[in-house]
2 protein chains.
Amino acid sequence: MGRGVSPKRAVKPARPSYILDEQIGFILRQVWQRHATIFAREIGINLTPTQWAALAKLAETGPCSQNLLGRLTAMDVATIKGVIDRLTARGLTETSPDPEDGRRLLVSLTRAGQQLAEKAAPNALAITRETLAPLDAKERETLIALLDKLR
Amino acid sequence: MGRGVSPKRAVKPARPSYILDEQIGFILRQVWQRHATIFAREIGINLTPTQWAALAKLAETGPCSQNLLGRLTAMDVATIKGVIDRLTARGLTETSPDPEDGRRLLVSLTRAGQQLAEKAAPNALAITRETLAPLDAKERETLIALLDKLR
DNA sequence: GATCATTTGTTCGTATACGAATGATGTTGC
DNA sequence: GCAACATCATTCGTATACGAACAAATGATC
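Residues numbered from 1 in each chain as written. Chains lettered and ligands numbered in written order. Predicted model: local features only at pLDDT ≥ 70, side-chain atom pairs only at ≥ 80, totals over all residues. Heavy atoms only, no water.

- As recorded in an unreviewed UniProt entry, chain A goes by the name MarR family transcriptional regulator, listed as coming from Bradyrhizobium archetypum.

Here it is in structure tokens:
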């Protein structure tokens, strides 16, 4: 049925209106996956991207409260707690109550955490480079600028 | 130590070499997060981006094996199994052994799944539009082209 | 200074993610 | 036909993610 009805335009080829592979969400997911793969291979020590974000941010800004660290690293309060719990269990971070605010939990790097952050930073930079390797300098700049508008 | 050694260039201002917010991985994470937030608000039905990817792909290509569906939607075999299990429990997909290959588990949309996919597709397109709303047409095109190189 | 709203942190429940190990089934080479 | 290999699916363990509900501490307001 529906075959040869009219010579005018027949039935629409029924091209599905939604193509997953063309959607920005799916593309972002795949690009992130590729980056995560590169990260796992190159970071050297046993660290996830999230754990590294927390360590790097602590190294960058010094000790801060757990929730603030979560905001600085774009993590939910529940997520940052899990991350810090695991880093603390590994002796890379330590926590103490904030004397100035009884609600806050101050998070800081241990010496081991500091040393690891220093050791891993070059690898992390290499990961950034390798992720962007398919692009030339101008393309990299353009991409970052465009993504910045979508943050 | 190292203080006032030479008047030539003194001590480097110790600007940390690794700035989290400038790294492509962190930027990608934040952009993805914004997209996920838009998705959750706009998709209408109770669906995660991953679940929608599975439904949309099934609607696009018809029934296929669970692992192939996972590859088409960029999911690990363990992940796609969880997704299909939950979609099947909700009556949106169904599975059956492949008569041609005893290893395969054929996944297909139920009628309810089909109807939901049709109903959600416009919302999904709107999500894509809203995610890219901060960019004009040319910028959108450029961004997609650059991200495609990084997939 | 008592009340109310905010902030901080914890916990629970659900849903991705993915590496690794395992077992069942297919395919290929010989 | 069978041995080596690849593919498919399941399961386990660990680690994000995040909404929601909760309790403790703080701040704002009158």
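1. Comments concerning the interface of chain A and chain B
At step 1: Listed per partner, the contact involves 45 residues of chain A and 45 residues of chain B.
At step 2: Carbon and sulfur atoms supply 70% of the area that chain A and chain B bury against each other, a total of about 4800 Å² over both sides.
At step 3: On the chain A side of the contact with chain B, A:Tyr18, A:Leu150 and A:Arg151 bury the most area, a combined 16% of that side's loss.
At step 4: Remark: the boundary between chain A and chain B carries 4 salt bridges.
At step 5: With its nearest N and O atoms 2.7 Å apart, the salt bridge here joins B:Lys149 to A:Glu139.
At step 6: Scanning the region where chain A abuts chain B turns up 22 residue pairs in polar contact (both at pLDDT 80 or more).
At step 7: Of all the secondary-structure elements, those providing two or more residues to the side of chain A that touches chain B are helix H1 (24–42), helix H2 (49–61), helix H5 (111–131) and helix H6 (137–149) of chain A.
At step 8: A total of 12 residues in the side of chain A that touches chain B trace back to one element, the largest contributor, which is H1(A). (Contact = heavy atoms within 4.5 Å. Buried area = accessible area lost by both parts, 1.4 Å probe. Salt bridge = Lys/Arg side-chain N within 4 Å of Asp/Glu carboxyl O. Polar contact = N/O pair within 3.5 Å; in protein donor to acceptor, adjacent residues only side chain to side chain. Helix = DSSP H or I, 4+ residues; strand = E, 2+ residues; numbered from the N terminus.)

2. Looking at the packing of aromatic side chains
At step 1: Inspection of the entire model under this criterion finds 2 aromatic pairs over all chains.
At step 2: Seen from their ring centres, A:Tyr18 and B:Trp52 are 5.2 Å apart, and the 65° between their planes marks the pair as edge-to-face. Of this pair, A:Tyr18 sits in the segment before H1 while B:Trp52 sits in helix H2 (residues 49–61), placing the two residues on different chains. Of the two residues, A:Tyr18 and B:Trp52, both sit in the buried class. (Phe/Tyr/Trp six-rings, centres within 6.5 Å; stacked < 30°, edge-to-face > 60°. Buried < 20%, exposed > 50% of the residue type's maximum accessible area, 1.4 Å probe, protein only.)

3. Side note on the protein's contact with DNA strand D
At step 1: Around DNA strand D there are 23 residues in total, and A:Thr48, B:Arg29, B:Gln66, B:Asn67 and B:Leu105 lie nearest to it.
At step 2: The contact atoms of DNA strand D, taken as those within 4 Å of the protein, divide so that sugar and phosphate hold 76%.
At step 3: Between DNA strand D and the protein, one listed contact pairs a sugar or linking oxygen with a side-chain N or O atom of A:Thr50 at 3.3 Å.
At step 4: One of the side-chain N or O atoms of B:Arg103 is found 3.0 Å from a base oxygen in DNA strand D.
At step 5: Considering every element that reaches the surface near DNA strand D, the biggest residue donor is helix H4 (residues 77–89) of chain A, with 4 residues.
At step 6: Its residues assigned to classes, the surface near DNA strand D comprises 5 nonpolar, 9 polar and 9 charged. (Near = heavy atom within 4 Å. Nonpolar A, V, L, I, M, F, W, Y, C, P; charged D, E, K, R; others polar.)

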